[in-house]
Amino acid sequence: MTSSVYARNNPPPPPTVACLPITRNYTSPKNARYSNPRYIEMAEEAKKKQMEDAKLWRQLEGPFYSIDVECIAIGNGWYDKDRYPCRVSLVDGNGECVLDSIIKLEGNDQVVSYLTPLTGVTKEICEEKGRPLQEVVEQVKSHLSIDAVIVGQSIEHDIKWLGLVKGKDYKDSFDIALMFRQALPDLKSLQQNSSPSPAPIYYRCFSLRHTCLHLLFIDIQKNEHDPVIDARYSMKLFQKFKDSGPSELRAIRDTLNRAPVTSSFAKSNPLIDGVCMNAGPLELNIVHDEYGDGTG
């Protein structure tokens, strides 16, 4: 056998590669911050804030309720003044629906859009099944009690829509977004080499859809928003995780923070019937001096 044939049939063994532990390259621009004492201080401050967050809901005692309000558009912007309630749902602490009512617009305001892709309601539904807002509000109040605690995603908006008064119509409220928000070091401050005290951090908050998708493994807002479902899953998240310890909560927040971004309805549908659904260039072309929340 010639040497060339032998070489083809017997290739040399692969070179031996030493198995070294994986280490972070602190000299790269992206990773250099991890060895920065200021970054470490920020990370510790963020951890401290996350521990303090747990105190926000530990002392809450029921009965618990969750409310969700969907709105039609009475203006082209996405501010509160450009919206009017069109459907109200109330669930109890067990997630049972105790009220689900359609509202019809009264007064001098004109409907710009029923935002049907978002709300699921139409002109026909509101006119046939709708009741005056104040009548529905009184029914909501009849189900609540002075010791009721209202929970939900950005629940302060729903409370404002219905004109509920703390200490009169309910005892307390809690925004479940605070339970899952992730405290993170403020990298802008790090880049500017500023040294305020305490170390600056910021919060990353997650949508109800994102939280349900990655903690309950269900997509509740793939199409239009159903206020019964939104209120029910807000309550389910609150009841499931309200007694979680610091370590579990830290793992939960890390899961949400590292998960792929969940597209929001407003970003996928920035304009409906000439109505702006979020703050951005589209809205700035129509309303130059305002911006707010368009999806409720």
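Residues numbered from 1 in each chain as written. Predicted model: local features only at pLDDT ≥ 70, side-chain atom pairs only at ≥ 80, totals over all residues. Heavy atoms only, no water.

A. Quick peek at the confidence of the model for the protein chain. The predicted model of the protein chain has a mean per-residue pLDDT of 81, with 76% of residues at 70 or higher. Here residues 14-28 scores under 50 on pLDDT; set against residues more than four positions off or in separate chains, the count is 7 contacts. (pLDDT = per-residue confidence, 0-100. Contact = heavy atoms within 4.5 Å.)

B. Spatial organisation of the packing of helix H10 (residues 208-216) against helix H12 (residues 246-258). Running from N to C, H10 and H12 point in directions that differ by 115°, and their axes come no closer than 10 Å. For the pair H10 and H12, the crossing hand works out as right-handed. Two secondary-structure elements touch here, H10 through His 210, Thr 211, His 214 and Leu 215 and H12 through Ile 252, Thr 255 and Leu 256. Of the residues contributing to the contact of H10 with H12, the split by class is 3 nonpolar, 4 polar and no charged. (Axes fitted to C-alpha atoms, helices over the stretch in contact; angles between N-to-C directions. Helix = DSSP H or I, 4+ residues; strand = E, 2+ residues; numbered from the N terminus. Left-handed = near helix turned anticlockwise from the far one by under 90°. Nonpolar A, V, L, I, M, F, W, Y, C, P; charged D, E, K, R; others polar.)

C. Fine view of the packing of aromatic side chains. For the coordinates displayed, the defined rule picks out 4 aromatic pairs. Grouping aromatic residues by their ring pairs yields a cluster made of Trp 57, Phe 64, Phe 174 and Phe 238. Positioned above the aromatic ring of Tyr 203 is the side chain of Arg 181, whose terminal nitrogen or guanidinium carbon lies 3.6 Å from the ring centre. (Phe/Tyr/Trp six-rings, centres within 6.5 Å; stacked < 30°, edge-to-face > 60°. Lys NZ or Arg CZ within 6 Å of the ring centre and 35° of its normal.)

D. How the structure looks around the sheet that holds strand S5 (residues 172-175). The 5 strands are arranged S3-S2-S1-S4-S5 in an open sheet whose pairing can be described as mixed. Each having just a single partner strand, strand S3 (97-102) and S5 make up the two edges of the open sheet. Taken over all neighbouring pairs, the strand axes of this sheet differ in orientation by 25° on average, direction set aside. Here helix H6 (residues 133-143) sits on the sheet in contact with strand S1 (64-73), strand S2 (83-92) and S3, set at roughly 175° to S3. Packing of helix H7 (residues 155-162) onto the sheet brings it into contact with S1, S2, strand S4 (149-152) and S5, and relative to S1 it is tilted by some 70°. (Pairing = 2+ DSSP bridges.)

E. Highlighting unusual backbone geometry. Across the junction of Gly 62 and Pro 63, the peptide omega takes the value 15°, indicating a cis bond. Locating Pro 63 in the fold gives a position in the loop between helix H3 (55-58) and S1. One non-glycine residue with positive phi stands out, namely Leu 115, at about 50°. Secondary-structure assignment places Leu 115 in the loop between S3 and helix H4 (116-119). Located in the positive-phi region is Phe 217, a residue other than glycine, with phi close to 60°. As for its position among the elements, Phe 217 is in the loop between H10 and helix H11 (227-241). What makes Phe 217 exposed here is its relative accessible area of 69%. (Buried < 20%, exposed > 50% of the residue type's maximum accessible area, 1.4 Å probe, protein only.)

F. Layout of H7. Those residues of H7 that sit buried are Ile 155, Asp 158, Ile 159, Trp 161 and Leu 162. The buried residues of H7 all sit within an arc of 160° when viewed along its axis, so they share a single face. At its buried positions, H7 is contacted by S1, S2, H6, S4 and S5. Downstream of H7 by a residue or two, Gly 163 has a phi angle that is positive, lying close to 65°. (Arc of directions from axis to C-beta.)

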